[in-house]
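Coordinates in review
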Amino acid sequence: MTQENDIILQVEGLKAYYQMNYFGVNREVRAVDDITMTMRKNEVYGIAGESSSGKTSFIKVLAAAIRPPLRVVEGTVKYNFKNGPIDVTTASPEQIETVRWKHLSYIMQGSMSVLNPVRRIGRTFQDFAQRPLGLTGKAFEDRVVKHLARLNLPADVLKAYPHELSGGMRQRVTIGLATVCHPEFIIADEPTTALDVVVQKEVLSLIRDIQKEMGASVVFVTHDMSVHANVADRVGIIYAGRLVEEGPTRQMFFTPKHPYTAHLVASLPRIGDTQQRPALEGRPPNLADPPQGCRFHPRCPLAVDKCRKEVPPMIEVAPGQRSACWRWEDVKPLVNIAAPAGAMA
Amino acid sequence: MTTLLDVQNVSKRFTMGGIFGRKTIDAVMDASFSLSSENPEIFTIIGESGSGKTTLARMILGLEDPTEGDILFRGEQVDRHAGRAERLKFMSHVQPVFQNPFEAFNPLKQIERYLESTARRFLDTSDKAAIDKAMDDSLQKVGLSLKEVRGRFPHEMSGGQLQRCAIARALIPNPPLLIADEPVSMVDASLRMSIVNLLKSLRDDLKVSVIYITHDLATAYYISNRIIIMQRGRIVEMGDARTVLENPEHAYSRLLKASVLSTDDAGAGKLGTDPTMLDQANNSVGRAGELVARPDGRHVRVYA
Ligand SMILES: Nc1ncnc2c1ncn2[C@@H]1O[C@H](COP(=O)(O)OP(=O)(O)O)[C@@H](O)[C@H]1O
Ligand SMILES: Nc1ncnc2c1ncn2[C@@H]1O[C@H](COP(=O)(O)OP(=O)(O)O)[C@@H](O)[C@H]1O
Ligand SMILES: [Mg+2]
Ligand SMILES: [Mg+2]
């Protein structure tokens, strides 16, 4: 079904480690450890996983924002943009400049990190977008104002400083920055995590609408499975630096084939819960010294001897669904989430 | 019954120049509630961003003066301008918990340094053994120990452990009241549960009262005794947490509940919000109305 020219991103065997030297001792944190995945044009791919599993590190590489101590140790990250193919792990800074914002854009975790606190929003737009858009003066401003209006932001925000805006407005501004050049590929790291539920829903539907209008591909990172349920076409689950399962959103929620996915889906607290949902024993591994075999085995209810020794490969377990689990055939959804016990109107 | 905390008709107005020509912001308007000393509870404040939750918390912590109204802690006025000794005594009773465990700690600083400086300040001693004991005691309360933490940097601990350390730090002076401002907003579901379970056990086992600020309705339902829902500086609904969350009455409370994303239709891409619900909720913005009691014990703001 998938055609060669339909593919926008191809990640192969990607390993990216933090290599540090603390007081003479070398340390290596294997934050991204052998990830292979592909993305099609026009799709929203959700990346989930608990805190410190390597989500941000992975997408920093995708976004070509690789800075020491993070280093790409192995693998390739190839984009197939309209202006030609590029492998961001080997491209020169000049080559990366030719795709930044116009083809590849990045909404970073925490809106304040991209908005300069002492610069008016309008200046930040100039810094980011003037060159890639190739517009100046009135033409540039018209383009920006029109785009802001699309995000329900008044032209006045261009005169504001970041701290004068509410959290929701700031987040819409950062989405505006990331989308004003109509990029082909947008990477968003926890773009709604700091927002309240009402504003979150509004911002999510904006992202989704803009994505559809522009026909862009989006990598959407969040630890919040309920966001993935409503935004992503496909979901990939990262555990301890590795992709452990991926597939169409509905399948991932209703027929997970990795015990960790099943756990993530079942552990989501819901209004009406008066008891704790089943929790996993133990804690995620230290990425400076990850366990042998399957990295999930110390916490896995299905683990057998083989899991402790051999790394399970990612294999296709259902149409479009891949899992890295020796026992995927025995994985059952932990709760019937279609009919929750405490459901209320 | 004695009162631990009494918030009486408190308002906070900030004055500043704004882009829309707005010169003042009423961050909190006429908020009143009280906590009793005998019945430690988890008292939850929920509401949109900018609704005044943090401002209210900062006033209770004595970091911000109310423009109007009084805040009494054990019958005494919370005073930002009190002398150093008095201020230290107050702070040993009311402690904040940092928001984001990954940002609260400097990556280049060993975790125990934070606990150590807090212990030194409140114990007013430089006796190493006494400080170590205070650190270990409070780490034990959150399921850790000084032995596990000693010498470790933030990146060597999990997010859950870091958040536990942040709570342990707040517990050093044995405060009867903790104020946790969005302690779980940035963390995943399993971590979220382990933190709220910890808050629950502080209440049940150590009799600590907790003001829990969040926008996560599920954990609010799970651990709270009482809840207040705030919209643009005003309390719009207040009462027993389960009564209110099961069947919210104020239009904003209903919008809040309806906006919680569900996984029942995973993959269907449902993100719409009922526009009449939005209109009804927005309709109450800027109107004073009046908080009235209902037969089930809750208070709801109604408009003439
Ligand atoms: N600048 C850094 N230096 C060293 N280690 C880091 C750095 N940033 C992240 N890490 C480590 O890399 C691992 C993955 O982190 P991250 O990619 O931020 O995870 P996530 O986004 O899933 O929470 C963690 O163990 C984290 O401590
Ligand atoms: N120091 C300040 N100066 C001016 N305005 C402030 C200040 N602190 C908060 N505000 C404003 O007060 C309102 C309430 O903010 P806050 O208490 O932080 O809300 P919440 O914690 O519910 O998100 C917001 O409109 C905010 O912009
Ligand atoms: Mg991250
Ligand atoms: Mg706040």
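Notes on the structure follow.

Conventions adopted
- Residues numbered from 1 in each chain as written.
- Chains lettered and ligands numbered in written order.
- Predicted model: local features only at pLDDT ≥ 70, side-chain atom pairs only at ≥ 80, totals over all residues.
- Heavy atoms only, no water.
- Near = heavy atom within 4 Å.
- Polar contact = N/O pair within 3.5 Å; in protein donor to acceptor, adjacent residues only side chain to side chain.
- Helix = DSSP H or I, 4+ residues; strand = E, 2+ residues; numbered from the N terminus.
- Nonpolar A, V, L, I, M, F, W, Y, C, P; charged D, E, K, R; others polar.
- Areas by Shrake-Rupley, 256 points an atom, 1.4 Å probe, with all protein chains shown as cover.
- Pairing = 2+ DSSP bridges.
- Axes fitted to C-alpha atoms, helices over the stretch in contact; angles between N-to-C directions.
- Expected span 1.5 Å × (residues − 1).
- Contact = heavy atoms within 4.5 Å.
- Buried area = accessible area lost by both parts, 1.4 Å probe.
- Salt bridge = Lys/Arg side-chain N within 4 Å of Asp/Glu carboxyl O.
- Phe/Tyr/Trp six-rings, centres within 6.5 Å; stacked < 30°, edge-to-face > 60°.
- Lys NZ or Arg CZ within 6 Å of the ring centre and 35° of its normal.
- Buried < 20%, exposed > 50% of the residue type's maximum accessible area, 1.4 Å probe, protein only.

1. Quick notes on the site of ligand 1
Residue and element names in this part refer to chain A. Around ligand 1 sit 14 residues, and of these Ser52, Gly54, Lys55, Thr56 and Ser57 come closest. Between tyrosine 18 and ligand 1, the recorded distance is 3.3 Å, taken from a side-chain N or O atom to a nitrogen atom. The set of elements that each furnish at least two residues to the shell around ligand 1 consists of β1 (7-22), β2 (25-40) and α1 (55-62). Sort the elements by how many residues they give to the shell around ligand 1 and α1 lands first, with three residues. Class assignment for the residues of the shell around ligand 1 results in six nonpolar, six polar and two charged.

2. Overview of the site of ligand 2
Residue and element names in this part refer to chain B. With respect to spatial proximity, the complete set of residues near ligand 2 consists of Phe14, Met16, Ile25, Ala27, Glu48, Ser49, Gly50, Ser51, Gly52, Lys53, Thr54 and Thr55. Within the side chain of lysine 53, a nitrogen or oxygen atom sits 2.9 Å from an oxygen atom of ligand 2. A total of 560 Å² of accessible area belongs to ligand 2 in isolation, and the protein chains cover 65% of it. If you list the elements that add at least two residues to the shell around ligand 2, you get β2 (24-36) and α1 (53-60). In terms of residues, the shell around ligand 2 owes the most to one element, α1, which gives three residues. For the shell around ligand 2, the per-class residue count stands at four nonpolar, six polar and two charged.

3. Some words on the sheet that holds strand β8 (residues 209-214) of chain B
Residues and elements named next belong to chain B. A sheet is described by the order of its strands in space; here eight strands give the open sequence β6-β7-β8-β3-β9-β10-β12-β11, paired in mixed fashion. Strands at the two margins of the open sheet, each flanked by one partner only, are β6 (94-97) and β11 (290-293). Along the sheet, successive strands turn relative to each other by an average axial angle of 20°, direction set aside.

4. Points about helix α5 (residues 128-141) of chain B
With 14 residues, α5 of chain B extends 20 Å between its outermost C-alpha atoms, agreeing within 8% with the 20 Å of an ideal straight helix rising 1.5 Å per residue. With its phi angle positive at about 80°, glycine 143 of chain B sits one or two positions after the end of α5 of chain B.

5. Things to note about the interface of chain B and chain A
On the side of chain A, 51 residues touch chain B, which itself brings 52 residues to the contact. In total, about 4500 Å² of surface goes out of reach between chain B and chain A, with carbon and sulfur atoms giving 61% of it. As a salt-bridge pair, arginine 270 of chain A and aspartate 264 of chain B come within 3.0 Å of each other at their nearest N and O atoms. At the boundary of chain B with chain A, the tally comes to ten residue pairs in polar contact (both at pLDDT 80 or more). Sorting the residues of the side of chain B that touches chain A by element identifies α8 (189-206), α9 (217-223), α10 (241-246) and α11 (251-259) of chain B as the ones contributing at least two each.

6. Brief notes about the packing of aromatic side chains
Evaluation of the coordinates by the stated rule reveals eight aromatic pairs over all chains. Taken together, the ring pairs in this structure connect Tyr79, Phe81 and Phe185 of chain A into an aromatic cluster. Lysine 306 of chain A extends its terminal NZ or CZ atom over the ring of tryptophan 326 of chain A, reaching a point 3.9 Å from the ring centre. For the cation-ring pair, lysine 109 of chain B lies above tyrosine 114 of chain B, with the distance from its terminal atom to the ring centre recorded as 4.7 Å.

7. Topic: the pattern of salt bridges
By the definition in use, this model includes 35 salt bridges over all chains. When the shortest N-O distance is used, the salt bridge between arginine 234 of chain A and glutamate 246 of chain A registers 3.6 Å. Placement of the pair is arginine 234 of chain A in strand β9 (residues 234-239) and glutamate 246 of chain A in strand β10 (residues 242-248), with a sequence separation of twelve residues. Neither arginine 234 of chain A nor glutamate 246 of chain A differs from the other in exposure class; each is buried. Among the salt bridges present, the one from lysine 128 of chain B reaches aspartate 132 of chain B, with a minimum N-O distance of 3.8 Å. Within this pair, lysine 128 of chain B and its partner aspartate 132 of chain B are both found in helix α5, separated by four residues, close to a single helical turn. When its relative accessible area of 49% is taken as the criterion, lysine 128 of chain B is described as partly exposed. Overall, the relative accessible area of 19% leaves aspartate 132 of chain B in the buried class.

Treat this as a map of the structure, not an account of what it does.
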